[in-house]
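The chain contents come next:
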Amino acid sequence: MPAFTAPDGTQLAYHVVGEGEPLICLPGGPMRASAYLGDLGGLAKRRRLLLLDLRGTGGSDAPADPSTYRCDRQVDDVEALRVQLGLESVDLLAHSAAGDLALLYAARYPERVRTLTMVTARARALGVDFTTEQRLEAADLRADEPWFGSARDAYGRVWDGTATDADFDAALPFFYGRWDAAAEAHAAGEVEQTNEEAADAYASRGAFDPAAARAALAGWDARVLILAGERDGGPLPRVAAAIAELFPHAALVVQEGAGHFPWVDDPDRFTETLASFLG
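Heads up: these notes are all about the structure in this document.

## So, the overall build of the chain
Looking only at helices and strands, the chain has twelve helices and eight strands in total. Computed over the C-alpha atoms, the radius of gyration of the chain is 18 Å, within 12% of the 19 Å expected from 2.2 N^0.38 for a compact globule of 279 residues. Here the chain, with 279 residues, has 54% of them falling under the buried criterion. Sequence-distant contacts in the chain: of pairs separated by 6 or more residues, those separated by 24 or more amount to 72%. Accessible area of the chain: about 11,600 Å², with a carbon and sulfur share of 49%. Across the chain, 25 positive and 43 negative side-chain charges occur, with their mean positions spaced 4 Å apart.

## Points about the environment of Gly234
Checked against the element boundaries, Gly234 lands in the loop between strand S7 (223-229) and helix H10 (237-244). The exposure class assigned to Gly234 is buried, which follows from its relative accessible area of 2%. C-alpha of Gly234 to C-alpha of Asp153: the two residues are 81 residues apart in sequence and 18 Å apart in space. Excluding residues that lie within four positions of it along the chain, Gly234 makes contacts with Thr120, Phe130, Arg135 and His260.

## What to know about the pattern of salt bridges
Within the structure shown, the criterion is met by 20 salt bridges. Asp76 is paired through a salt bridge with Arg108; the nearest N and O atoms lie 3.3 Å apart. Linking Asp76 in helix H1 (residues 75-85) with Arg108 in helix H2 (residues 98-108), this pair joins segments that are 32 residues apart in sequence. By relative accessible area, Asp76 is classed as partly exposed at 27%. Judged by relative accessible area, which is 39%, Arg108 ranks as partly exposed. One salt bridge connects Glu145 with Arg142, and the closest N-O pair in it is separated by 3.4 Å. Like Glu145, the residue Arg142 is buried in the burial classification. Taken together, the shared-partner salt bridges in this structure form one network comprising Asp8, Arg55 and Asp77.

## A word on the sheet that holds strand S6 (residues 113-119)
Spatial strand order, S1-S2-S4-S3-S5-S6-S7-S8: eight strands in an open sheet with mixed pairing. A single partner strand is all that each edge strand has here, and the edge strands are strand S1 (3-5) and strand S8 (250-255). Neighbour to neighbour, the strand axes of the sheet diverge by 25 degrees on average, direction disregarded. Set on the sheet, H2 makes contact with strand S3 (22-26), strand S5 (90-95) and S6; between it and S5 the angle comes to about 150 degrees. Relative to the sheet, helix H12 (residues 267-278) contacts S3, S5, S6, S7 and S8, its axis offset from that of S7 by approximately 165 degrees.

## Structural notes on the packing of aromatic side chains
Following the criterion strictly, the structure yields 14 aromatic pairs and no others. On the basis of an interplanar angle of 90 degrees and a centroid distance of 6.2 Å, the ring pair of Tyr36 and Phe261 is categorised as edge-to-face. You can see Tyr36 sitting in the loop between S3 and strand S4 (48-52) and its partner Phe261 sitting in the loop between S8 and helix H11 (262-265), a full 225 residues away along the chain. A residue is classified by how much of its surface remains accessible, and Tyr36, at 4% relative accessible area, is buried. Taking the centre distance of 4.5 Å and the plane angle of 40 degrees together, the rings of Tyr155 and Phe174 count as tilted. Note that Tyr155 is positioned in helix H4 (residues 148-160) and Phe174 in the loop between helix H5 (165-171) and helix H6 (181-187), a separation of 19 residues in sequence. Using a relative accessible area of 4% as the deciding quantity, one classes Tyr155 as buried. Here the aromatic residues Tyr36, Tyr176, Trp179, Phe261, Trp263 and Phe270 are joined through ring pairs into a cluster of three or more. One cation-aromatic arrangement involves Arg223 over Phe277; the distance from NZ or CZ to the ring centre is 4.5 Å.

## Examining the packing of helix H3 (residues 132-139) against H4
For any two helices packed against each other, the geometry comes down to the angle between their axes and how far apart the axes lie. Contact geometry of H3 with H4 gives a least axis separation of 10 Å together with a crossing angle of 170 degrees. What the angle tells us is that H3 and H4 run roughly antiparallel. Here H3 contributes Thr132, Arg135, Leu136 and Ala139 to the contact with H4, which in turn contributes Phe148, Arg152, Tyr155, Gly156 and Trp159.

## What to know about the pairing of S4
When you tally the buried positions in S4, you get four out of five residues, the bulk of the element. Of the pairings in the sheet, the one linking S3 to S4 comprises four bridges and is parallel in character. From the neighbouring strand, Pro22 faces S4, where its bridge partner is Arg48.

## A short note on the environment of Met1
Structurally, Met1 is set in the segment before S1. Given the relative accessible area of 64%, Met1 is considered exposed. For Met1 and Ala13, which are twelve residues apart along the polypeptide, the C-alpha to C-alpha distance reads 6.7 Å. Here Met1 is in contact with Ala13, Tyr14, His15 and Gly59, once residues within four sequence places are set aside.

Conventions and cut-offs
- Residues numbered from 1 in each chain as written.
- Predicted model: local features only at pLDDT ≥ 70, side-chain atom pairs only at ≥ 80, totals over all residues.
- Heavy atoms only, no water.
- Helix = DSSP H or I, 4+ residues; strand = E, 2+ residues; numbered from the N terminus.
- Rg over C-alpha atoms; globule rule 2.2 N^0.38 Å.
- Buried < 20%, exposed > 50% of the residue type's maximum accessible area, 1.4 Å probe, protein only.
- Contact = heavy atoms within 4.5 Å.
- Areas by Shrake-Rupley, 256 points an atom, 1.4 Å probe, with all protein chains shown as cover.
- Lys, Arg positive; Asp, Glu negative; His and termini not counted.
- Charge placed at Lys NZ, Arg CZ, Asp CG, Glu CD.
- Salt bridge = Lys/Arg side-chain N within 4 Å of Asp/Glu carboxyl O.
- Pairing = 2+ DSSP bridges.
- Axes fitted to C-alpha atoms, helices over the stretch in contact; angles between N-to-C directions.
- Phe/Tyr/Trp six-rings, centres within 6.5 Å; stacked < 30°, edge-to-face > 60°.
- Lys NZ or Arg CZ within 6 Å of the ring centre and 35° of its normal.
- Parallel < 35°, antiparallel > 145°, perpendicular 65-115°, else oblique.

Shown next, in the form of structure tokens:
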């Protein structure tokens, strides 16, 4: 796999999937190896996906200084990848927690981002967070699912900080629009792919300055796509709409029936939505 050197000397890896115009893809988790993105539901047939393994995940080395796992301290890793690729500006996709990294990158290097695609993505960098109440509101939409009774209490414990490993396993169906064999296979890799130490540091104190980020992006002229899942609690569709309102040129799409991984739930619809936006 190709690699490059971050400004602090850490060797970082990325994966190239598909053909066409490049699309840099930042994985969430936080701090989950990019393998879980796969080919983004077949999007690799339309675009050349450049899947970055964030420091300490996948094929990328762990840094000498663990404090550099903090989200804002990884911004220049993304810039180093752009330089490595020789691109004047990039199309950037971020999933889940990587929304914060993409937003901080855009705030620091606005002229380097041509389009930004936020897939069920966080926006703590802009002062928007997802509450436990919102998570549970989305969960209760699934009350008619056969697994709901045993999973609902476990899901609550995930968000109040008392969950066991068994609770995390039981709560997994809430993250997908439908809990089938494809979803189970996708979820199975999460623990192995995630750097827990890095995840704990990712959004630690000092990572975000929402007022500064909002000011930096207030007049930004890049096109932005905010894609939410109809059944996802992070963000709920109405919260995704509030995020979209923070950009001068943003479109909101709510994918029907989707959870937190919309390319797993309905690959064709996901791919068509992104291909239409990216052009």
